[in-house]
Structures are given as structure tokens and as C-alpha cells.
Amino acid sequence: MRTFYLLRDEKANISMDFLTAVAVIIIAFVFAVSVLSSIITPYSGYSKELYPTADRAVTLLVEDEGYFDSGYDEGTDWESFWYQENYSDIKKIGFRENMDYNTLCSKKISSIMTPHDEKNQTWWEYPISSISNPELDNASRAMGFDRFNFYMQIRPVDENNFNVSSANQNAKDIVGDKGDVVSVVRYSMLNHNSFGDFDGAYLLGKDGPTKALFAIEYEDLYVVRNRGGLSFSISNWTMDEGDTGVIQNIQIDDEVNKKGDSVDTLDMLDGTEFNISINGVLFPIVPSSSISIGLDVPNSNDKVNFFIPIETFNGAIPDWDTPGKTLYFQINIKNLEVADPGVTWFNTTFIDEYYPVKTTVWVW
Amino acid sequence: MRVLLNDEDGQAIPVEYILIFTISMIFLGLMTLTFNSVVDSSSRQAIYIELTDTGNLISSAITNSYLTTPVDGANSISLDVPAEIAGTGYFVEISDDDPFEVGNKVLKLTSMQKSVTAYVPLNSVDALIEINGSASSVSGKILIVSNTSEITISQG
């Protein structure tokens, strides 16, 4: 072959078969790469992290008491600090009552979750829309949900005892459109505190005119929130033989007078602001706007029940649910006696009510 | 432009072969590099998912160890973990380097050869008890020892 010939040779051809082969190879390669990558890495793995994290967080929530450390004090009764909005002092939120009893504590639950008491038993949810961002961020940290969003409910297992449709609707409204969501369920026993009956033989108050004086401190107001109001009964009255006792008026206030023997207000509740019954029979106040009750108590063993709804507290004492508050209740009575001067505290009548509950947490 | 459109000169066949061969080799090289990149990306993603699974296993064991520790003694759990993930070992440690920006400690798993790191939350257990320690996966076991004051992870 002569070099000169090669350089001067102007004959050429187009290798159509070569070009076709190259095109086919390129098309096949692009197709294989796109299909292979989607097979090998179908998802980012984010949803796989949800369930284990949620499972651990809920486990600790129902099986641990929680913990606070304020720098000068520490302990497991973190709920007091949550009430006072010292969120950063609460290192871990747990609903267990104590390590001796494997029950949930309604006081701890009520300190952070919103109660609903439409029927016999209470159900709770958290968070609701009115929760502030700092509170929610601290709750998420202390519950161990870290960067994930969450919503939880604690419901009685017996669905006849609470408003199931309301609970379901609330869950659906918050979680229904969230995409990748996992839910974790735990069953536990709940210790639901309530106030018991007062023994009329040991009432404290004031004579002349006779007043029975009661008080609830702020740490026990969760019972009122859980029940949608304050309910209590008095029986075993002290009265002279032949006399008929009379329940005259009810007064509530957040202060007592200087002597400490009666509430520091002249206002009395009218018939629209409370319910009163005797031996299970509702006693109507006529007219309903009257502040005078006039309920006769003929026998010492007559049981009188009082129910003051939360709406009455909101109207009479708007800041009743403020940390540090003490609420006072005064029942003005006639021909019924009090044992001694002083104040009867509601927490002396605490009773425990245990029932099974289901804790459901949705995480996304 | 007119000269270009009317130019019917071509290349000699051998020169054309050399040109096409060179272009083909360049194409082949690019395809090989792209394929390796895709496979490597998929491999790293798969390693990350597997590290996260293993991390969740260890974190759950830590939580259970904390809850079952007797008040007057210690608890010891030996956990079986994969010795290798994608043909390479990994390192497990408790770290303050919280990528979730919550301020809690996390479980950090690092693949030794592939430089893949996964972080798994401890769900604030570190607020209740001191958690420390590290281990490699070489033995296929991780030891979790807990008492009333601390939890330690170490080589099993």
C-alpha cells in the first residue's frame, strides 16, 4: 500500500450497519440503567424508620415514669413542671404512675393531654391545634419522637364508656391525609383518680351562720378537668334530732377572707350554674336563676351530690386553672353542723378507679 | 456554508475505521463509568437502609435493656447483628452528633469501606440514664450491659 495513495484516496463509505449497532447498544444501555436503578433502590427508606422509632417511644411512654431535672431538684413528678411551662426541665415524659404499680397515672396524662369527658370515662388526645410550638417541640423531644410528627390518643378499652365517634373523627382530621403514617398501640391499666364522698360528721367550716368550707389545690385540679367539672357528695350529716337540715347556697372563690373561715366573695351560684341532687334524685332550683337552693335534708344519712361544671368555673373565676391557684367552695347550711373550724381538702377523699385503656400513637 | 453542503469528499476507509473505533471506545468508557456510578449509588442506598435496620435493632435492645434492669443489679444482653453489610464491616457507637437537631444522643453506624453513615434515634433514653460505648461488627455480636446508672455497648 502506498502512503500517497492512502492520503489521496477520496473514496468513502458510511457504515450503516455499524451506526445501527451502536444506536441499538446505546438505547439498550440507557433502558437497562433506568430500569435497574429503580429496582435496586425503590425507596429512600424513610418509612422503614418510622415504626421502630414509634414503637420504642410508645414503649417508654407507657412503661416509664418520666423524669425532670431543674438544676436544684429532680424526680419523676414532672407534671408539676409541665403545668408551670418549664418545659426544658422535663427530660423525659412518661405516664407510668410509679415503678411499684404498672398503671398509667391520670394526673400525668392530664397535665399534657387534652381530656374529653362526654360519657362515663375520659379519653385524651395530644396535640391539639392550640398547642404552642415551643410546647410541642419540647413534648416531641421528651417523648422521644425526635424529628417525626405525632398524634396520640388514650381511650378506654370499653367503647360504651366514651364518645368513640368523636375520638375517631379527631384522629381522622389530624392523621387522615398524611401519607406515610404508622400507628402503634399499647394496652395498659389506668388509675383514674376522682374525689370520693365527704363524711358529714367531719366537715370543717364555720358556725353562726353555718358554712361548710372546702378547698382544692392546683395540683388536684386535673380531676376537675378530666371530669368536665367538680362532682362530690356529702352524707352522714350531723344534725339535732327532730331538725331538718337545709342546703341554702353555694359559693366559689379563689380566696378566703382574712379570718380564713369563709370565701372572700358575696356572689352565690344560681340554679343554672350547678346541679344538686339528694339520694340520686335531681333537685330543681325554681326559678332556675335563683341563688337560693332551699333543699331539705331530713335525715342524717341523706346523700347530697353537687356537680359544678367547668363552664361555671370559667365564668366565675376565669383564671381558675392557673398554676398555684387554690379553689374554695362554701356551702351555706342551716340545722346542719360542722365539726370544727377550718377547711376540708378535697384530696382527703381521693379514690382510685382502675380501668383498661388503649394508647394509640400515629407517627409520620 | 455552500462549500460545506456541496463538499462530497469523504475519508479514506481506514481513517474512517480509526475514527469510528475511537469514538466507540469513548462511548464505551462513558457507559462503563455511568454504570459504575449508578451501581455504586444503589449500593450505598442499600447499605444505608441495612445500617438503619440494624441500628433500630440495637436501639430497641437498648430500650428493652433499660426497662428490664433490676433495681439492685445489672442486665446483660448479647445481640446478634450482621457481621458485614454489602461485604464490608461497620462500626457502632453512641454519638452526641445529632443530625436531627433535637439535642439527644444517637446511635451512629458507619460502614468501614463505603463511607456510609446512618443515625438512629435513641428516643430520649439518654435523658433517663447514661449511655456510652462503641463496637465493631466483626464478631457478629454486640453486648449491651445496663445497671441503674448507665448502659454500655461493647464488643460481644
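Located above this text is the structure these notes cover.
No experiment lies behind these values; they were computed from the predicted model shown. (Residues numbered from 1 in each chain as written. Chains lettered and ligands numbered in written order. Predicted model: local features only at pLDDT ≥ 70, side-chain atom pairs only at ≥ 80, totals over all residues. Heavy atoms only, no water.)

**Brief notes about the overall build of chain A**
- Along chain A, the regular secondary structure elements total nine helices and 21 strands.
- Relative to the 2.2 N^0.38 estimate, which gives 21 Å for 364 residues, the radius of gyration of chain A is 34 Å and therefore markedly larger than a compact globule would have.
- Based on the C-alpha atoms only, the size of chain A along its principal axes is roughly 145 × 45 × 35 Å.
- Put simply, chain A has 364 residues, and 48% of those count as buried.
- Accessible surface computed for chain A: about 17,600 Å², of which carbon and sulfur atoms make up 51%.
- Computed over 27 positive and 54 negative side-chain charges, the inter-centroid distance for chain A is 13 Å. (Helix = DSSP H or I, 4+ residues; strand = E, 2+ residues; numbered from the N terminus. Rg over C-alpha atoms; globule rule 2.2 N^0.38 Å. Buried < 20%, exposed > 50% of the residue type's maximum accessible area, 1.4 Å probe, protein only. Areas by Shrake-Rupley, 256 points an atom, 1.4 Å probe, with all protein chains shown as cover. Lys, Arg positive; Asp, Glu negative; His and termini not counted. Charge placed at Lys NZ, Arg CZ, Asp CG, Glu CD.)

**Observations concerning the overall build of chain B**
- The helix and strand inventory of chain B stands at two helices and seven strands.
- Of the regular secondary structure in chain B, the N- to C-terminal order runs α-α-β-β-β-β-β-β-β.
- Its C-alpha atoms give chain B a radius of gyration of 27 Å, clearly above 15 Å, the size a compact globule of 156 residues would have.
- Overall, chain B is about 95 × 30 × 15 Å in size when its C-alpha atoms are taken along their principal axes.
- Each of the 156 residues in chain B was classed as buried or not, and the buried ones make up 40%.

**Structural notes on the packing of aromatic side chains**
- Scanning the entire structure with this criterion turns up 18 aromatic pairs over all chains.
- Through successive ring pairs, a cluster of aromatic residues spans Phe-195, Phe-198, Phe-214, Phe-232, Phe-306, Phe-313, Trp-320, Phe-329, Phe-346 and Phe-350 of chain A. (Phe/Tyr/Trp six-rings, centres within 6.5 Å; stacked < 30°, edge-to-face > 60°.)

**Observations regarding the sheet that holds strand β6 (residues 123–126) of chain A**
Residues and elements named next belong to chain A.
- Spatial ordering of the open sheet is given by β4-β8-β21-β7-β6-β5, a layout of six strands whose pairing is mixed. Of all strands in the sheet, those with a lone pairing partner are β4 (103–105) and β5 (114–116), marking the two edges. Sheet twist, expressed as the average angle between the axes of neighbouring strands with direction ignored, equals 30 degrees.
- Inspection of the sheet shows β4 paired to strand β8 (residues 182–195) by three bridges, in the parallel sense. When the sheet's bridge partners are listed, Cys-105 is paired in β8 with Asn-191.
- Of the strands in this sheet, β5, β6, β7 (150–156) and β21 (350–363) are in contact with helix α7 (residues 164–175), which crosses β7 at around 170 degrees. (Pairing = 2+ DSSP bridges. Axes fitted to C-alpha atoms, helices over the stretch in contact; angles between N-to-C directions. Contact = heavy atoms within 4.5 Å.)

**With respect to the sheet that holds strand β1 (residues 75–80) of chain B**
Residues and elements named next belong to chain B.
- If you walk across this open sheet you meet the seven strands as β1-β6-β7-β5-β2-β3-β4, and the pairing is mixed. The open sheet has two edge strands, β1 and β4 (117–121), and neither has a second partner. In this sheet, neighbouring strand axes are inclined to one another by 15 degrees on average, regardless of whether the strands run parallel or antiparallel.
- Here three bridges tie strand β2 (residues 90–95) to strand β5 (residues 130–136), and the two strands are oriented antiparallel to one another. Counterpart to Val-92 in the pairing with β5 is Ala-135.
- Packing of helix α2 (residues 13–68) onto the sheet brings it into contact with β1, β2, β3 (106–111), β4, β5, β6 (141–146) and β7 (150–155), and relative to β4 it is tilted by some 30 degrees.

**Structural notes on the pairing of β21 of chain A**
All names here are of chain A.
- Pairing of β7 with β21 involves seven bridges; the strand directions are antiparallel. What sits directly across from Pro-156, in β21, is Val-357.
- Where β8 and β21 come together, 14 bridges link them in antiparallel fashion. Each residue of the ladder has a partner; that of Arg-186, found in β21, is Thr-359.

**Digging into the side chain of Glu-65 of chain A**
All names here are of chain A.
- Turning to its location among the elements, Glu-65 is positioned in the loop between α3 (46–63) and β1 (66–69).
- Here Glu-65 occupies a buried position and makes no salt bridge, while the nearest side chain of opposite charge, Lys-108, is found at 5.0 Å.
- Apart from residues no more than four positions distant in its own chain, Glu-65 is found in contact with Thr-76, Trp-78, Gly-94, Arg-96, Glu-97, Asn-98, Met-99 and Lys-108. (Salt bridge = Lys/Arg side-chain N within 4 Å of Asp/Glu carboxyl O.)

**Thoughts on the nonpolar core**
Residues and elements named next belong to chain A.
- If you look at the biggest cluster of nonpolar residues, it comprises 42 residues, and the most contacted ones within it are Ile-247 and Phe-329.
- In terms of residue count, strand β18 (residues 326–334) provides more of this core than any other element does, four residues in total.
- In contact with Ile-247, other than residues within four places in its own chain, are Trp-237, Ile-276, Ile-293, Gly-294, Leu-295, Val-297, Phe-306, Ile-331, Asn-332, Ile-333 and Leu-336.
- Formed by 36 residues, the second largest nonpolar core is a distinct cluster that contains Ala-54, Leu-61, Met-143 and Met-152. (Core = buried A, V, L, I, M, F, W, Y, C linked by side-chain atoms within 4.5 Å.)

**Regarding the pairing of β5 of chain B**
- Pairing between β5 of chain B and β7 of chain B: four bridges, direction parallel. When the sheet's bridge partners are listed, Ile-131 of chain B is paired in β7 of chain B with Ile-151 of chain B.

**Considerations on the environment of Ile-142 of chain B**
Residue and element names in this part refer to chain B.
- Checked against the element boundaries, Ile-142 lands in strand β6.
- Taking the relative accessible area as the measure of exposure, Ile-142 reaches 0% and is therefore buried.
- Along the backbone, Ile-142 and Asn-56 are 86 residues apart, and their C-alpha atoms lie at a distance of 13 Å.
- Discounting chain neighbours no more than four positions away, the residues touching Ile-142 are Ile-58, Ile-77, Ser-78, Leu-79, Val-81, Val-92, Ala-135, Ile-153, Ser-154 and Gly-156.

**Regarding the pattern of salt bridges**
All names here are of chain A.
- Inspection of the entire model under this criterion finds eight salt bridges over all chains.
- Note that Glu-353 is salt-bridged to Arg-227, the shortest N-O span being 2.9 Å. Taken together, the residues Glu-353 in strand β21 and Arg-227 in helix α8 (residues 222–227) connect sequence positions 126 residues apart.
- A salt bridge links Lys-325 to Asp-254; the nearest nitrogen and oxygen atoms lie 2.4 Å apart. Residue Lys-325 is found in the loop between α9 (310–316) and β18, and its partner Asp-254 is found in the loop between β13 (245–253) and β14 (275–278); the two are separated by 71 residues along the sequence.
- On the basis of relative accessible area, Lys-325 is assigned to the buried category, the value being 17%.
- Here the salt bridges share partners, and the residues they tie into one network are Asp-254, Asp-319 and Lys-325.

**What to know about unusual backbone geometry**
Residue and element names in this part refer to chain A.
- Pro-209 follows Gly-208 through a cis peptide bond whose omega is -10 degrees.
- Relative to the elements of secondary structure, Pro-209 occurs in the loop between β10 (204–206) and β11 (211–217).
- Omega for the bond connecting Val-286 with Pro-287 falls within 30 degrees of zero, at -10 degrees, which places this linkage in the cis form.
- If you trace the backbone, Pro-287 turns up in the loop between β15 (281–282) and β16 (295–297).
- Positive phi, close to 60 degrees, is recorded for Asn-236, a residue that is not glycine.

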